[in-house]
Amino acid sequence: MLQDTRLSDLTAIETRLWEELARCARDAGHGWHRAVLATAGEDGADARVVVLREARPALHELVIYTDTRSPKARQIEHDPRATLVCWCPDMGWQLRLRCHLELADDGLEVTSRWAGIRHRPAAQDYLSPLAPGSVVRDPRAGGATSSDDARSACVQRGHFGVLTARVQSIDWLEVHAQGHRRASFDTQGRRWLVP
Ligand SMILES: Cc1cc2nc3c(=O)[nH]c(=O)nc-3n(C[C@H](O)[C@H](O)[C@H](O)COP(=O)(O)O)c2cc1C
């Protein structure tokens, strides 16, 4: 019989999962680097893949970049509650993070983050003349900017926005050959759950 070497203490598991969230923001190869962000849409649940850019374990916050004209921005304005779902096959850990979202399009945090990406190809994601989801005749229309537009938008930040996700509670699930485990972490404390 194999010895079970997994973390068995809920406090240690919570600390570790925040360490991994911080790591995944720096490591594009980490399973949690791309997460599914679910929001409440006009016609029911909506969801899409986003990149986790930063984690602040002490504040229980995560940071995501987005185009401030995207449909999700309107959904969040209407209802800031959201769930982020992360799955890491290497760890066998799924997270369901219930969050409160806040979208900033101005301020020091936005300008400093824009300064970090504005010379990279990723900046193009926030410089398209048309809003994400706009109907176009040609798939090449709407996405690209002229070099003049791009230059001026580089100065003006285009439609770059910073989404801060304040994590209210975490549902952690470990899928493991020696037995699946599940726990929840929130302001009321930490508890084991039936997987
Ligand atoms: C791998 C991958 C990473 C993505 N990262 C982001 C991201 O960090 N931020 C974002 O707003 N959209 C990102 N997208 C695009 C979204 O999934 C989505 O298509 C877009 O934001 C429009 O969503 P909305 O119509 O719900 O607003 C990503 C898509 C993929 C496939």
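Structure: above.
The rules we used
- Residues numbered from 1 in each chain as written.
- Predicted model: local features only at pLDDT ≥ 70, side-chain atom pairs only at ≥ 80, totals over all residues.
- Heavy atoms only, no water.
- Helix = DSSP H or I, 4+ residues; strand = E, 2+ residues; numbered from the N terminus.
- Contact = heavy atoms within 4.5 Å.
- Areas by Shrake-Rupley, 256 points an atom, 1.4 Å probe, with all protein chains shown as cover.
- Lys, Arg positive; Asp, Glu negative; His and termini not counted.
- Charge placed at Lys NZ, Arg CZ, Asp CG, Glu CD.
- 1 Å grid on protein atoms, 1.4 Å probe; cavity = no way out; pocket = protein on both sides within 12 Å on 5 of 7 lines; lining within 4 Å.
- Points joined across faces, edges and corners; volume = space filled by probe spheres on them.
- Near = heavy atom within 4 Å.
- Polar contact = N/O pair within 3.5 Å; in protein donor to acceptor, adjacent residues only side chain to side chain.
- Core = buried A, V, L, I, M, F, W, Y, C linked by side-chain atoms within 4.5 Å.
- Buried < 20%, exposed > 50% of the residue type's maximum accessible area, 1.4 Å probe, protein only.
- Phe/Tyr/Trp six-rings, centres within 6.5 Å; stacked < 30°, edge-to-face > 60°.
- Lys NZ or Arg CZ within 6 Å of the ring centre and 35° of its normal.
- Arc of directions from axis to C-beta.
- Salt bridge = Lys/Arg side-chain N within 4 Å of Asp/Glu carboxyl O.

Engineer: Please provide a residue-by-residue account of the overall build of the protein chain, values included.
Structural biologist: The helix and strand tally for the protein chain stands at four helices and nine strands. Beginning at the N terminus, the succession of helices and strands in the protein chain can be written as α-β-β-β-β-α-β-β-α-α-β-β-β. With the principal axes as the frame, the protein chain shows a C-alpha extent of 65 × 35 × 30 Å. Residue pairs in contact within the protein chain that sit at least 24 positions apart in sequence constitute 63% of those at least 6 positions apart. Taken as a whole, the protein chain presents about 11,300 Å² of accessible surface, with 51% of it coming from carbon and sulfur. Counting 26 positive and 26 negative side-chain charges, the protein chain places the centres of these two groups 2 Å from one another.

Engineer: Kindly report on the layout of surface pockets, identifying the contributing residues and their values.
Structural biologist: Taken as a whole, the largest pocket spans an internal volume of roughly 230 Å³. Looking at the largest pocket, it is lined by 14 residues, and the ones nearest its centre are Tyr 65, Thr 66, Asp 67, Lys 72 and Tyr 126.

Engineer: If you had to explain the site of the ligand to someone new, which residues and values would you point to?
Structural biologist: The ligand sits among Arg 34, Arg 48, Val 49, Val 50, Val 51, Tyr 65, Thr 66, Ser 70, Pro 71 and Lys 72. One nitrogen or oxygen atom from the main chain of Val 51 is found 3.0 Å from an oxygen atom belonging to the ligand. Within the side chain of Lys 72, a nitrogen or oxygen atom sits 2.7 Å from an oxygen atom of the ligand. In isolation the ligand exposes 620 Å². Once the protein is present, 61% of that is buried. The set of elements that each furnish at least two residues to the shell around the ligand consists of strand 2 (44-51), strand 4 (61-67) and helix 2 (71-78).

Engineer: Any chance you could break down the nonpolar core for me, citing the residues and the numbers?
Structural biologist: Buried together is how nonpolar side chains tend to be arranged in soluble globular proteins. Counting 33 residues, the largest nonpolar core has Leu 17, Leu 21, Trp 32, Leu 62, Leu 84, Leu 95 and Leu 97 as its most contacted members. By residue number, the principal contributor to this core is helix 1 (residues 10-26), which donates seven residues. Among all residues touching Leu 62, those that are not within four sequence positions of it are Trp 18, Leu 21, Glu 54, Ala 55, Leu 84, Leu 97, Leu 163, Thr 164, Ala 165 and Val 167. Of all hydrophobic cores here, the second largest spans 10 residues; its members include Val 110, Trp 114, Ile 117 and Leu 127.

Engineer: So, the packing of aromatic side chains: which residues are in play, and what are the values?
Structural biologist: Taken as a whole, this structure holds seven aromatic pairs when the rule is applied. Consider the rings of Tyr 65 and Phe 160, whose centres lie 4.9 Å apart with planes at 75°: the pair is edge-to-face. Of this pair, Tyr 65 sits in strand 4 while Phe 160 sits in strand 7 (residues 160-174), and the two are 95 residues apart along the sequence. Side by side, Tyr 65 and Phe 160 carry an identical accessibility label, which is buried. Ring geometry for Trp 114 against Phe 160: centres 5.2 Å apart, planes inclined by 45°, an arrangement best described as tilted. Taken as a pair, Trp 114 in helix 3 (residues 108-117) and Phe 160 in strand 7 lie far apart in primary sequence, 46 residues in all. Here the two residues Trp 114 and Phe 160 agree in accessibility, since each one is buried. Three or more aromatic residues joined by ring pairs form one cluster here, namely Trp 32, Trp 93, Trp 172 and Trp 192. For Arg 16, the ring lying beneath its charged end belongs to Trp 93, and the centroid distance is 5.5 Å.

Engineer: Help me get a handle on helix 3, residues and values and all.
Structural biologist: Residues Val 110, Arg 113, Trp 114 and Ile 117 constitute the buried set of helix 3. Looking straight down helix 3, one finds its buried side chains confined to an arc of 105°; they lie on one side.

Engineer: Tell me about the pattern of salt bridges, residues and numbers included.
Structural biologist: In total, this model carries 20 salt bridges according to the counting rule given. In this structure, Asp 171 engages Arg 96 in a salt bridge whose closest nitrogen and oxygen atoms are separated by 3.3 Å. Here Asp 171 is found in strand 7, whereas its partner Arg 96 is found in strand 6 (residues 93-104), with 75 residues between them in sequence. Relative accessible area serves as the criterion here: at 13%, Asp 171 is assigned to the buried category.

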